[in-house]
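A look at the structure
Letter by letter, the chains look like this.
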Amino acid sequence: MRFALLPACLGIVILALPLHAEDVLPPEWRGAPYEGQTYQHWDFLLPDNEYPDMFSNVYGTGIFEIVPGGPMVWTNGLPNPNGPLHPRVSGWLFTIDLPMVLSIPNRPLELPVKLLRLQITSSKAPQNKAIYGAGDKQGSNTYNQAIQHQDAFWYTYVSDWILEPNPDHESIVVNFPPDTIVEEVVVDTWCTPEPALLMPLLGLLVLRRRE
Ligand SMILES: [Ca+2]
Ligand SMILES: [Ca+2]
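Model, not experiment: these values are computed from the prediction.

1. Thoughts on the overall build of the protein chain
Within the protein chain one finds one helix and 13 strands. For the protein chain, the N- to C-terminal ordering of α and β elements is β-β-β-β-β-β-β-β-β-β-β-β-β-α. The buried share among the 211 residues of the protein chain stands at 36%. Relative to all contacts within the protein chain whose residues are 6 or more apart in sequence, the contacts with residues 24 or more apart total 72%.

2. Points about the sheet that holds strand E9 (residues 128–132)
The strands that make up a sheet pair up through hydrogen bonds in the backbone, lying either parallel or antiparallel. The antiparallel open sheet is built from four strands, whose spatial order is E4-E7-E12-E9. At either end of the open sheet lies a strand with only one pairing partner, and these are strand E4 (63–64) and E9. Of the pairings in the sheet, the one linking E9 to strand E12 (residues 169–175) comprises five bridges and is antiparallel in character. Bridging across to E12, Ala130 finds its partner in Val173.

3. Some points on the pairing of E12
Along E12, the buried face is formed by Glu170, Ile172 and Val174; none of His169, Ser171, Val173 and Asn175, which line the opposite face, is buried. Relative to E12, strand E7 (residues 100–105) runs antiparallel, the two sharing six bridges. Bridge pairing in E12 places Val101 opposite Val173.

4. Brief notes about the nonpolar core
Among the nonpolar cores identified, the biggest contains 27 residues, and Leu102, Leu116, Ile172, Val182, Val185 and Val187 are the most heavily contacted of them. Secondary structure elements with two or more residues in this core: E4, strand E6 (90–94), E7, strand E8 (114–122), strand E11 (155–163), E12 and strand E13 (180–191). Discounting chain neighbours no more than four positions away, the residues touching Val182 are Gly91, Trp92, Phe94, Met100, Ile120 and Ser122.

5. Focus on unusual backbone geometry
The peptide bond linking Glu164 to Pro165 adopts the cis configuration, its omega dihedral lying at -5°. Summarising the element assignment, Pro165 is placed in the loop between E11 and E12. One non-glycine residue with positive phi stands out, namely Phe44, at about 55°. If you trace the backbone, Phe44 turns up in the loop between strand E2 (37–42) and strand E3 (54–57). You can call Phe44 buried: it has 23 C-beta atoms within 10 Å. Phi at Asp179 is positive, roughly 65°, even though this residue is not glycine. According to the C-beta neighbour criterion, Asp179 is partly exposed, with 13 such atoms within 10 Å.

6. Some remarks on the environment of Ile104
Within the element layout of this structure, Ile104 appears in strand E7. Taking the C-alpha atoms as reference points, Ile104 and Thr38, separated by 66 residues in sequence, lie 8.8 Å from one another. Once residues lying within four places of it in the same chain are set aside, the contact partners of Ile104 are Thr38, Gln40, Gly62, His169, Glu170, Ile172, Val187 and Thr189.

7. A closer look at the pairing of E11
Counting buried residues along E11, seven of its nine residues qualify, which places the element largely inside the surrounding structure. Both E8 and E11 contribute to a ladder of nine bridges, which runs antiparallel. Counterpart to Leu115 in the pairing with E11 is Ile162.

Rules behind the numbers
Residues numbered from 1 in each chain as written. Chains lettered and ligands numbered in written order. Predicted model: local features only at pLDDT ≥ 70, side-chain atom pairs only at ≥ 80, totals over all residues. Helix = DSSP H or I, 4+ residues; strand = E, 2+ residues; numbered from the N terminus. Buried ≥ 20, exposed ≤ 12 C-beta atoms within 10 Å, placed from the backbone. Contact = placed C-beta atoms within 7 Å. Pairing = 2+ DSSP bridges. Core = buried A, V, L, I, M, F, W, Y, C linked by C-beta atoms within 7 Å.

Structure (structure tokens):
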């Protein structure tokens, strides 16, 4: 149980790193005063950084799985056209079609719904994305948006997911074409919204799906 090795990391830990330029579309519910939210942010500033640069998760620490031996290459000196305030200096090059896997510990209390927003900044578009909860039950993808950055090289791929009921942890599995650089990843989860807010939020999701 890898999380058992991380007692010092449990709780709310937000390191004061200002390098979160690609957190371009936070979910509307982030920071709302309701229980059950988590946030994790990887900018891959170091080659051995499987844990998020910044996170807020009282249930544990998210993990970006690093596969040793060559198919994933940590890459420094990426194109940095937007200057130091928007650094895209380092990330992971996936040389083959190897899935990117993130594991997020989450609220153990059994509740009906979990919302999840995934933001990936990469040099090529993800080919397949899936969210697996307990028992390998898959989440449903409710929304997708690709945001092009000024240099026309990087995109941030935003997707929303719903898992019913909420699992106590989930795995996020994303496949990219070979030779994709993953520069930054942000994951927000919320299980479960306050009942009074849940229906309007689901209504918003339905409206978005129709757009
Ligand atoms: Ca980065
Ligand atoms: Ca970055």
